[in-house]
Amino acid sequence: AASAAHFGSAGPVARAACNAMSSPMSWQGSRWSLAVAATGLLAAPSSALYLPGVAPIEYQEGGRVELKVNKLTSVKTQLPYGYYSLPYCQPSTIMESVENLGEILEGDMIENSPYEVFMLQNTSCKLLCKRKLAPEDKNKFESMIDDEYLVNWIVDNLPAATRYVKKGQKSGGTTYMNGFPVGINRNGHYHIHNHVSLDLKFHTSPNEYEGYRIVGFEVEPYSMLQNNNGGKVSCPDGTNYPSFELAPHDEIIYTYDVQWSESDVRWASRWDNYLKMTGGQIHWFSILNSLMIMLFLSGMVAMILLRTLHRDITKYNELASAEEAAEETGWKLVHGDVFRKPRHSKLLAVSVGSGVQIFGMSFVTLVFALFGLLSPAHRGALLQCCLLLYTFMGIAAGYVTSRLYKMFNGVDWKATTLLQAFLYPGIFFSIFFVLNLLIWGQKSSGAVPFTTLFAVLCLWFGISVPLVFLGAYFGFRKPNIELPVRTNQIPRQIPAQPWFMHPVFTCSVGGILPFGAVFTELFFIMSSIWQHQFYYLFGFLALVLVILVITCAEISIALTYFQLTSEDYRWWWRSFLSSGSSAVFVFMYSIVYFTSRLQIEKAVSTMLYFGYMAIMSIIFFLFTGSVGCIAAFCFVRSIYGSIKID
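The rules behind these values
Residues numbered from 1 in each chain as written. Predicted model: local features only at pLDDT ≥ 70, side-chain atom pairs only at ≥ 80, totals over all residues. Heavy atoms only, no water. Core = buried A, V, L, I, M, F, W, Y, C linked by side-chain atoms within 4.5 Å. Buried < 20%, exposed > 50% of the residue type's maximum accessible area, 1.4 Å probe, protein only. Helix = DSSP H or I, 4+ residues; strand = E, 2+ residues; numbered from the N terminus. Contact = heavy atoms within 4.5 Å. Disulfide = S-S within 2.5 Å. Patch = residues over 30% accessible without salt bridge, like charges linked within 9 Å, V, L, I, M, F, W, Y side chains within 5 Å. Areas by Shrake-Rupley, 256 points an atom, 1.4 Å probe, with all protein chains shown as cover. Salt bridge = Lys/Arg side-chain N within 4 Å of Asp/Glu carboxyl O. Phe/Tyr/Trp six-rings, centres within 6.5 Å; stacked < 30°, edge-to-face > 60°. Lys NZ or Arg CZ within 6 Å of the ring centre and 35° of its normal. Expected span 1.5 Å × (residues − 1). Bend = angle between axes of the 7 residues up to and from the residue. Axes fitted to C-alpha atoms, helices over the stretch in contact; angles between N-to-C directions. Parallel < 35°, antiparallel > 145°, perpendicular 65-115°, else oblique. Left-handed = near helix turned anticlockwise from the far one by under 90°. Nonpolar A, V, L, I, M, F, W, Y, C, P; charged D, E, K, R; others polar.

### Observations regarding the nonpolar core
Here is step 1 of the chain: In terms of nonpolar packing, the biggest core is built from 87 residues, with W571, W572, Y609 and Y640 touching the most fellow members.
Here is step 2 of the chain: The element best represented in this core is helix 15 (residues 603-641), accounting for 15 residues.
Here is step 3 of the chain: Discounting residues that sit within four places of it in the chain, Y609 has contacts with M526, W530, S590, Y593, F594, L598 and I600.
Here is step 4 of the chain: Of all hydrophobic cores here, the second largest spans 58 residues; its members include Y81, V117, F141 and V258.

### Thoughts on the state of the cysteines
When the sulfur atoms of two cysteines share a covalent bond, that bond is a disulfide.
Here is step 1 of the chain: Using the criterion set out here, one finds two disulfides in the structure.
Here is step 2 of the chain: Should the bonded cysteines of the protein be numbered as they appear in the sequence, the pairing reads 1-3, 2-4.
Here is step 3 of the chain: No disulfide involves C629; its sulfur sits 9.6 Å from that of C634, the nearest cysteine.

### Considering a nonpolar patch on the surface
Here is step 1 of the chain: Side chains of F359, F363, V367, F368, L370, F371 and L373 sit close together on the surface and give an oily, nonpolar patch of about 600 Å² of accessible area.
Here is step 2 of the chain: Residue L370 is classed as partly exposed on the basis of its relative accessible area, which comes to 31%.

### Some remarks on the packing of aromatic side chains
Here is step 1 of the chain: Tallied over the entire structure, the rule returns 39 aromatic pairs.
Here is step 2 of the chain: Taken together, a centroid distance of 6.2 Å and an interplanar angle of 55 degrees make the contact between F587 and F610 tilted. With F587 in helix 14 (residues 582-597) and F610 in helix 15, the pair connects residues that are 23 residues apart, well separated along the chain.
Here is step 3 of the chain: Residue class for F587 comes out partly exposed when judged on its relative accessible area of 28%.
Here is step 4 of the chain: The class of F610 is partly exposed, set by a relative accessible area of 22%.
Here is step 5 of the chain: Through a chain of ring-to-ring contacts, three or more aromatic side chains come together here, namely F339, F408, W571, W572, F633 and Y640.
Here is step 6 of the chain: Stacked on the ring of Y209, the Lys or Arg R213 has its end atom at 3.8 Å from the ring centre.

### Here's the deal with the pattern of salt bridges
Here is step 1 of the chain: Within the structure shown, the criterion is met by 16 salt bridges.
Here is step 2 of the chain: E116 is the partner of K126 in a salt bridge, and the nearest nitrogen-oxygen pair spans 3.1 Å. Of this pair, K126 sits in strand 6 (residues 123-132) while E116 sits in the loop between helix 1 (101-105) and strand 5 (117-118); the two residues are ten residues apart in sequence, bridging distant segments of the chain.
Here is step 3 of the chain: Under the relative-accessibility criterion, E116 is labelled partly exposed at 36%.
Here is step 4 of the chain: D250 is paired through a salt bridge with K138; the nearest N and O atoms lie 3.2 Å apart. Linking D250 in the loop between strand 18 (232-234) and strand 19 (251-262) with K138 in helix 2 (residues 135-146), this pair joins segments that are 112 residues apart in sequence.
Here is step 5 of the chain: Its relative accessible area of 13% is what places K138 among the buried residues.
Here is step 6 of the chain: Each of D568, R570 and R574 takes part in a single network of salt bridges with overlapping partners.

### What about helix 10 (residues 450-477)?
Here is step 1 of the chain: The end-to-end C-alpha distance of helix 10, which contains 28 residues, comes to 39 Å, matching closely the 40 Å that a straight helix rising 1.5 Å per residue would cover.
Here is step 2 of the chain: The largest bend in helix 10 amounts to roughly 30 degrees and is located at S464, with the proline P466 lying one to four residues further along.

### Looking at the packing of helix 6 (residues 345-370) against helix 7 (residues 381-392)
Here is step 1 of the chain: Helix 7 packs onto helix 6 with a crossing angle of 140 degrees between their chain directions and a minimal axis gap of 9 Å. Viewed along their axes, helix 6 and helix 7 adopt a mutual orientation that is oblique. For the pair helix 6 and helix 7, the sense of crossing is right-handed. Where helix 6 approaches helix 7, its residues Q357, I358, M361, V364, T365 and F368 are matched on the opposing element by L382, C385, C386, L389 and Y390.
Here is step 2 of the chain: For the contact of helix 6 with helix 7, the class distribution of residues is nine nonpolar, two polar and no charged.

Structural data, given as structure tokens:
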């Protein structure tokens, strides 16, 4: 909140779960691998301006500290469920916290709990409740344990973290996992974590503020068979106590400990434990790899510009050698056709406009993120920000589409504007609606309520569509884009093209370079989405975005130039697809990631994964394609404007 993102560090992300019977403070078994997202945060001074909703709260000694519960999550199913869908202890009245649109779309269900926590008051083996276990309750527990569901709690806007000790290393060390497992399955026997030890850390600074601030929230879950003597519950001492096995018991007892300890961590740095990890070298290696690709393309484009613009301006009227004439006359010969209206010009204009809309959304979102406005403390803020910005960027989409379509001498401007307003948003919403129906059929809390869907439709029809028409109105009122050459009435015949100029080959080459520039960062983004980890490496992401834009522009310019030298003037769609085809590699990578990194087995979860990855791939296609097309247009317009046409 009161932090600024900087270049952090991260390592590969993988699945994590508890494989310890008595205490999760151990690292056992080769079956589990630990996962935590990574980042870097710069702590701001305590006098900084805190954002609404995340300002520090000072608790007085003995003051009530509310423990809230959130959804149950699983990497294996990707289907969240409400906390009270399992037979846990419930308060007398369940109240949901106020949620923003992003939290609802993410399936968060933040509710109150019966846990009683008071500042600086330690408790040991406090009875929470006793619950009878019906056969259907046992089946729910067994199903949740098999699917490796995690319990997520929140105290003072901090998610519960489970600390793991990494064994097998000389230096040891600890790392953290978000949430803790519902239970464990050992040799077909199910054990429930019915006792938790809450380790809460506080920071105090009497010279700056009164009271105590919470800066850490760790949970140690235990499976424990408590002693029940005449209604008085006590917890066994030592480490060799019997665990609570689900099958032979018809009643479960929930108990908890509360332990407070002072910490030197300041409030502004309290998220570091969730976000800290080694491996920043991977990101720097990725950046270096992307820079090498960009420098290679920059050298190629610079060579093209020197051989065309500079030589054309200085030597066009001079007597060129036969070799130079053969080399340079190719693209000059098609000056009367180079700006000819392409096929499906309406769809091209709409696609470029949608890409500009996504580009504007991405740019502004990254600016907000770099200023620390989208920290993990704002649950759902990133998704809500993207949704609102995409809505408001409709004015840019309408303007660009209308300008491009008018340059193509199109007259059906109403249909074009309607297509811009409804085509790609309609595709996104249709996929999302079908996936939401599948989630709803699984009775998951991740299903978006119909009232929220109605709110999304209101954003679309009430704000985005009018803004698209407003942008189109301004665009059509502007004078036509001035082109340096006139278009002939009769199209020029295109000579036979060599095999390496075939659209499939050029698009494959054009797509793999932008993908190569981003695939490492793509791994961390996908891990944060599908492994339920935090992502806050917006400094790295901003660098990668800049490199991606430059790479797409340069590869499109280079391929367009080679195409024009072959006297093929059909470059409009080719420039869009050459860089936009990188989305095909993104989707192919998602298949590799699915098979190698995830353990999803259910059909609905598989459809959910590929449905959302299809949306991401389409967004990437529009983004990269529009950058390539606009860059190629500027390049073609500049080189034909630099020569004299008789």
